[in-house]
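One-letter residues, chain by chain:
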Amino acid sequence: MTDRQLSLIIEPEDLQSIASQSDNLIIVDLCSEPNYMSGHIPGAIHVSPAEIVLGVPPAPGKLPEVERLNSVMTRIGLTPDSHVIAYDDEGGGWAGRFIWTLDVIGHAHSSYLNGGLTAWKQAGLELTTDIPKPAPQPNSVTIHHEPILNKDEILTALAQPNFMVWDARSADEYSGQRQTAQRNGHIPKAVHCEWTELMDQNAGLRIRKDVAAYIEAKGITADKLIATHCHSHHRSGLTYLVGKSLGLNIKAYPGSWSEWGNDPLTPVE
């Protein structure tokens, strides 16, 4: 299996078999820094999640400045031919966010390591503490807006029958029992499916095998334009990734609830 034959979701054994055979492979580790330092997949380059978000209130999950994206992609050695495999230690939120970021800059070749570090360890595969030093590749990224929906676009789309919002937050956040912004609740008519519902806790945090039927039963279907969000487009990195893997027409709302819930003019249920 070559990197060009890799699907969007790959298994640890697939990565192990090709890791030493491809010159175009870039493995990106989005784990916590202590987890990375204590043992990571051989060849993996650490990217801190803070590097791929704006980090500025009230909507810290928005895209960072282009200059910071250029810096990250330059540092990991990204070229147009690179195939990026992203993983994390939490079941796919940050890895999905990174793959969404690659989609936003128009990079065509990426995969998610199913279950990330948890599944890799469960499979008994090699870990290392060696820090790779990739050759920098100058990048000048262009933002492609196709994977993104902003607040105004969602406000306009809410009245359209073929549009829906997928809220990936906890049930307490969705219902408004837990306050994380000036206003509690959810975007009108948003469907709730928490990101953790997509993981199989008994299979190394891999995406559950029945995920297509599971989310379809909740009304998340291929005939809709789907905007997915959480509080800062971290947890919804996984819901975006899963929707993409299933061929859904899914986009992310990076402003997420931190923007929507702190705007006094947005409708809230």
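See the structure shown above.
Keep in mind it's a predicted model, so treat the numbers as computed, not measured.

Asks: Just checking my understanding: could you explain the pattern of salt bridges for this structure?
Replies: Where charged atoms from two side chains of opposite charge approach closely, those side chains can pair. Scanning the model with the defined rule gives eleven salt bridges in all. In this structure, Lys244 and Asp103 form a salt bridge, with 2.9 Å as the shortest nitrogen-oxygen distance. Of the two residues, Lys244 sits in helix α9 (residues 236-245) while Asp103 sits in helix α4 (residues 93-104), which places them 141 residues apart along the sequence. Given a relative accessible area of 31%, Lys244 falls into the partly exposed group. The buried category is assigned to Asp103, whose relative accessible area is 14%. Salt-bridge contacts for Asp263 lead to Lys151; the nearest nitrogen and oxygen are separated by 2.6 Å. Of this pair, Asp263 sits in the segment after α10 (256-260) while Lys151 sits in helix α6 (residues 151-157), placing them 112 residues apart in sequence. Of the two residues, Asp263 and Lys151, neither departs from the other in class, the shared state being buried. The structure contains a network of salt bridges with shared partners spanning Glu173, Arg178 and Arg235.

Asks: Can you help me understand the sheet that holds strand β2 (residues 25-29) in this one?
Replies: Within a beta sheet, neighbouring strands are joined by backbone hydrogen bonds and run either parallel or antiparallel to one another. Taken in spatial order, the five strands line up as β1-β5-β4-β2-β3 in an open sheet, and their pairing is parallel. Each edge of the open sheet carries a strand with a single partner, namely β1 (9-10) and β3 (45-46). Where β1 and strand β5 (residues 110-113) come together, two bridges link them in parallel fashion. Bridge pairing links Ile9 to Tyr112 in β5.

Rules of the game
Residues numbered from 1 in each chain as written. Predicted model: local features only at pLDDT ≥ 70, side-chain atom pairs only at ≥ 80, totals over all residues. Heavy atoms only, no water. Salt bridge = Lys/Arg side-chain N within 4 Å of Asp/Glu carboxyl O. Helix = DSSP H or I, 4+ residues; strand = E, 2+ residues; numbered from the N terminus. Buried < 20%, exposed > 50% of the residue type's maximum accessible area, 1.4 Å probe, protein only. Pairing = 2+ DSSP bridges.

Interpretation in functional terms is not warranted from these geometric data alone.
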